[in-house]
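Residue strings, one per chain:
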Amino acid sequence: MTDRYVEIVNLVKAYPNPLGDAIRVVDGFNLTVRKGEVIGVIGHSGCGKSTVLTMVAGLNDITSGDVVVDGKVTDGPGPDRAVVFQAPCLLPWMTAFGNVMLGVKRVYPHGTKQQRKDICEYYLSLVGLADAMHKYPREMSGGMQQRVGIARAIALKPKMLLLDEPFGRLDSLTRMDLQEVILGILDREKITTMVITHDVDEAVYMSDRICMMTNGPRARVGQVLEIPFERPRIRREVLEHELYYDLRGCLIDFLEKFDKHKHPDENAPDCKPEPEPSSEAGSLAPSFGVYTDDALSGSPLTLAEIGGGA
Amino acid sequence: MTQTHGMTAAAEVWRVSEDETRLALAEAIYGGNESLRLASSSLSLSTGEGLAGAVLARRVPVFLEEFDDESFERAVPARADGVAAVLGLPVFDQAKLTHVVLFMFRGGPDAVGAVELWAGRRGRFELGLTEAYYAGLERFGKVSRHVNFPMGSGLPGMIWQTAMPRVLTGVGRSREFLRSSGAESAGLTNGFGYPVIERNELKAVMLWLSSSESPLARVQEVWRPGEDGWKRVQCASEQGIEIIEADEVIERCVAERAPILAEKPGCSGVAALPVMIHENVRAVGVIAW
């Protein structure tokens, strides 16, 4: 169960198209995540990263496929999956404390008032806002507001934390500061996390694995890169690691391959094989592991495992 | 064009006995290495014995780099020919392991090439690098160990999806080869992939990544059945050879449902590797060195 704490299976998002077939923005996204693992998701703008995240969060209807968290198929949003968006989206008439308390009340309905207060204070302290918890959003910088958003999400004690470009609006120093804050919390709380980012260095620094998405429409996982750096991470050690620039180069390489501006006259590699010229080509439908003569009837879990795992 | 020193030194096909306990040498190409030929001629192996026996016991592809007489029964003559690594490749006919193919690869400071084994990651729908032999590709190898491919993506993922061997030309520039920048700087040119399938289930994907300076394979081809017989549907070549006249090799491979080795003009050896699914030979991958 811990190896497959989160399973995203054949996730599809399609929108109706009055001129023809539905447009499949995301088509067959598969990913399994270990308990406590941090997964970075990277890809070009518009490739469908946020679509995947909002489907996992239950905020966006799934056309087909499943999201399974801790053995349960999700159905709509729930406090087991907390989201931090690029904009902190705080309620302006509430203090930082009040914004965090909103979710805490829902998740700890049977706790005492003092217990709920302690929880809010604890998580606001964790993000470095012990002295600012009674400030209103208008009195806080963008970085501080984002810290409130992070505290609000983590205070729910979610099974999965979903971060959608959480530092996208912040200057680079604040961004690095908040990366440390989040990594510190994740090291302590061991929350399974998916973080979407455009920033290659951020992805390498924060993730245990990085999922690289192909371009949309029909976006899916193109490649998954394991990041071998130990946790807790120290930025200087990561930057000086002998593999750092090779791993970074691997990500950039992938993104360049799918860069529509660099390859405007070509179709990006869509990760589909060319049709084989044989008359038999259509008769062998692949599944995840067992090859069948009938379309997609094999079990998705039967790819033979002979490797040593990750 | 001048033919340079290739990395493939020798190949053997071992036939597995009906009860899957013994191996007999069925075919071999030693490229003039007489001591290796002599050492092999009377050899018979049982389960767990030598490299071919290890493949029979484990039923998965096995690499040997640091080999001695115990792990590879012909270590001395192989080393004398510059062999630095040996791959043992199982060939299944449904559930039955029928043959083991051994490929012996030279190393040395000028060799550039890679043979990789990609297999399913525990608990994931991805192929990851399990074992590999890299010659002159230290950085490429280091990063590759951290890369995983889902079905349909990258050369391993495409082979997984189609269950077919596949040839990829110009891997250094190819947008289908997702590790291409590392491949380009390393001097890799062509790629060949072969699915290891047991009982209709993908067990592993083998990749041969070749350089023009020291090719692992100078010709790579994929053959498929068509309406009027078997056809070459993909090919790549190095050093002046364009194609191998392999029709009768393919015929034997399909008729015998077995890997076949042959000697052909212009190259040291040809190996034809069948892909069998649902009682049919669906494709044959051909490499010539």
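Caption draft 1: Quick peek at the overall build of chain B. When helices and strands are counted, chain B shows 7 helices and 17 strands. Taking 2.2 N^0.38 as the reference for a compact globule, 289 residues should give roughly 19 Å; the C-alpha atoms of chain B span a radius of gyration of 17 Å, in line with that estimate. Here chain B holds 289 residues, and the buried ones make up 64% of them. Considering only intrachain contacts with a sequence separation of at least 6, the fraction spanning at least 24 residues in chain B is 56%. Within the structure as shown, chain B displays about 9800 Å² of accessible surface, and the carbon and sulfur contribution to it stands at 47%. When the 29 basic and 37 acidic side-chain charges of chain B are each reduced to a single mean position, those positions are 5 Å apart.

Caption draft 2: Structural detail: the overall build of chain A. Scanning chain A from terminus to terminus reveals 8 helices and 10 strands. Considering chain A as a whole, with its 310 residues, one finds that 53% of them fall into the buried category. Sequence-distant contacts, at least 24 apart, represent 68% of the contacts inside chain A between residues at least 6 apart. Surface accessibility of chain A: about 14200 Å² in total, with carbon and sulfur atoms responsible for 52%.

Caption draft 3: Quick look at the pattern of salt bridges. Under the criterion given, the structure shown has 40 salt bridges over all chains. One salt bridge connects A:Arg231 with A:Asp208, and the closest N-O pair in it is separated by 2.8 Å. Placement of A:Arg231 in the loop between strand E10 (221-226) and helix H7 (235-240) and of A:Asp208 in the loop between helix H6 (200-206) and strand E9 (209-213) is noted, with a sequence separation of 23 residues between them. We note a salt bridge from A:Arg233 to A:Asp208, for which the minimum N-O separation is 3.6 Å. Of this pair, A:Arg233 sits in the loop between E10 and H7 while A:Asp208 sits in the loop between H6 and E9, and the two are 25 residues apart along the sequence. Of the two residues examined, A:Arg233 and A:Asp208, each falls in the buried class. A network of salt bridges, in which partner residues are shared, links A:Arg34, A:Glu37, A:Arg209, A:Glu226, B:Arg121, B:Arg124 and B:Glu126.

Caption draft 4: Representation of helix H1 (residues 49-57) of chain A within the structure. Residue and element names in this part refer to chain A. Counting buried positions along H1 yields 8 of 9 residues, so the element is predominantly enclosed. Along H1, the residues classified as buried are Lys 49, Thr 51, Val 52, Leu 53, Thr 54, Met 55, Val 56 and Ala 57. Two residues or fewer after H1 comes Gly 58, characterised by a positive phi angle close to 85°.

Caption draft 5: Broad picture of the environment of A:Asn99. The residue A:Asn99 is located in helix H2 (residues 96-107) in this model. Sequence-distant contacts of A:Asn99, defined by excluding residues within four places in its chain, comprise A:Leu90, A:Leu91, A:Met94, A:Pro137, A:Val148 and A:Arg152.

Caption draft 6: Summary view of the environment of A:Val52. With respect to the helices and strands, A:Val52 occurs in helix H1. With residues up to four places along the chain from it excluded, the contact list for A:Val52 reads A:Leu11, A:Val26, A:Phe29 and A:Met213.

Caption draft 7: Inspection of the packing of H2(A) against helix H3 (residues 113-126) of chain A at higher detail. Residue and element names in this part refer to chain A. One can describe the packing of H2 onto H3 by two numbers: an axis separation of 9 Å at closest approach and a directional angle of 125°. When the axes of H2 and H3 are compared, the pair comes out oblique. The hand of the H2/H3 crossing is right-handed. Of the residues in H3, those touching H2 at Ala 96, Phe 97, Val 100, Met 101, Val 104 and Lys 105 are Arg 116, Lys 117, Ile 119, Cys 120, Glu 121 and Leu 124. Across the contact of H2 with H3, the residue classes tally to 8 nonpolar, no polar and 4 charged.

Caption draft 8: A look at the layout of surface pockets. Reported here for the second largest pocket is a volume of approximately 500 Å³. By residue class, the composition of the lining of the second largest pocket is 15 nonpolar, 4 polar and 3 charged.

Caption draft 9: Main features of the pairing of strand E8 (residues 126-135) of chain B. Residue and element names in this part refer to chain B. By the criterion of burial, E8 is predominantly enclosed, with 8 of the 10 residues buried. Pairing of strand E7 (residues 113-120) with E8, which is carried by 8 bridges, proceeds in the antiparallel orientation. By the bridge assignment, Val 115 is partnered in E8 with Tyr 133. In this structure, the hairpin formed by E7 and E8 is closed by a connection of 5 residues, where Gly 123 is found at a positive phi of approximately 75°. Pairing of E8 with strand E9 (residues 147-150) involves 3 bridges; the strand directions are antiparallel. Directly across from Glu 126, in E9, lies its bridge partner Pro 150.

Caption draft 10: Looking closely at the sheet that holds strand E3 (residues 44-46) of chain B. Residue and element names in this part refer to chain B. Reading across from one edge, E3-E2-E1-E6-E5-E4 is the order of the 6 strands in this open sheet, with antiparallel pairing throughout. Looking at which strands have only one partner, the edges of the open sheet turn out to be E3 and strand E4 (62-64). Each neighbouring strand pair of the sheet contributes to a mean axis angle of 25°, computed without reference to strand direction. With 3 bridges connecting them, E4 and strand E5 (residues 83-93) associate as antiparallel partners. Each residue of the ladder has a partner; that of Val 62, found in E5, is Gly 88.

Caption draft 11: The sheet that holds strand E13 (residues 219-226) of chain B, seen in detail. Residues and elements named next belong to chain B. Read from one edge of the open sheet, 5 strands run E14-E13-E17-E16-E15, paired in antiparallel fashion. On the outer flanks of this sheet lie strand E14 (229-237) and strand E15 (260-262), each paired with one strand and no other. Across this sheet, the average inter-strand angle for adjacent strands is 20°, counted without regard to direction. In this structure, E13 lies alongside E14, joined through 8 bridges in antiparallel fashion. What sits directly across from Trp 223, in E14, is Arg 232. Across the face of the sheet, helix H7 (residues 247-256) comes into contact with E13, E14, E15, strand E16 (270-277) and strand E17 (280-288) while running at roughly 155° to E15.

Caption draft 12: Here's a closer look at the packing of helix H4 (residues 142-154) of chain A against helix H5 (residues 172-189) of chain A. Residue and element names in this part refer to chain A. Remark: H4 packs on H5, axes separated minimally by 11 Å, with the N-to-C direction vectors making an angle of 15°. Between H4 and H5, the crossing angle belongs to the class labelled roughly parallel. In this structure, H4 meets H5 at a crossing whose hand is right-handed. Across the interface between the two elements, Gly 143, Gln 146, Arg 147, Ile 150 and Ile 154 from H4 touch Thr 174, Asp 177, Leu 178, Val 181, Ile 182 and Ile 185 from H5. Each residue belonging to the contact of H4 with H5 can be placed in one class, and the counts come to 6 nonpolar, 3 polar and 2 charged.

Caption draft 13: Here's a closer look at the nonpolar core. Membership of the largest hydrophobic core comes to 165 residues, with the highest contact counts inside it found for B:Phe103 and B:Trp208. Ranked by size, the runner-up nonpolar core spans 29 residues in total, among them A:Phe29, A:Leu31, A:Met55 and A:Leu162.

Caption draft 14: Broad picture of the packing of aromatic side chains. Residue and element names in this part refer to chain A. Across all of its chains, the model carries 12 aromatic pairs over all chains by this definition. Lying over the aromatic face of Tyr 136, Arg 138 brings its terminal NZ or CZ to 4.8 Å of the ring centre. For the cation-ring pair, Arg 235 lies above Tyr 205, with the distance from its terminal atom to the ring centre recorded as 4.2 Å.

Procedures and definitions
Residues numbered from 1 in each chain as written. Chains lettered and ligands numbered in written order. Predicted model: local features only at pLDDT ≥ 70, side-chain atom pairs only at ≥ 80, totals over all residues. Heavy atoms only, no water. Helix = DSSP H or I, 4+ residues; strand = E, 2+ residues; numbered from the N terminus. Rg over C-alpha atoms; globule rule 2.2 N^0.38 Å. Buried < 20%, exposed > 50% of the residue type's maximum accessible area, 1.4 Å probe, protein only. Contact = heavy atoms within 4.5 Å. Areas by Shrake-Rupley, 256 points an atom, 1.4 Å probe, with all protein chains shown as cover. Lys, Arg positive; Asp, Glu negative; His and termini not counted. Charge placed at Lys NZ, Arg CZ, Asp CG, Glu CD. Salt bridge = Lys/Arg side-chain N within 4 Å of Asp/Glu carboxyl O. Axes fitted to C-alpha atoms, helices over the stretch in contact; angles between N-to-C directions. Parallel < 35°, antiparallel > 145°, perpendicular 65-115°, else oblique. Left-handed = near helix turned anticlockwise from the far one by under 90°. Nonpolar A, V, L, I, M, F, W, Y, C, P; charged D, E, K, R; others polar. 1 Å grid on protein atoms, 1.4 Å probe; cavity = no way out; pocket = protein on both sides within 12 Å on 5 of 7 lines; lining within 4 Å. Points joined across faces, edges and corners; volume = space filled by probe spheres on them. Pairing = 2+ DSSP bridges. Core = buried A, V, L, I, M, F, W, Y, C linked by side-chain atoms within 4.5 Å. Phe/Tyr/Trp six-rings, centres within 6.5 Å; stacked < 30°, edge-to-face > 60°. Lys NZ or Arg CZ within 6 Å of the ring centre and 35° of its normal.

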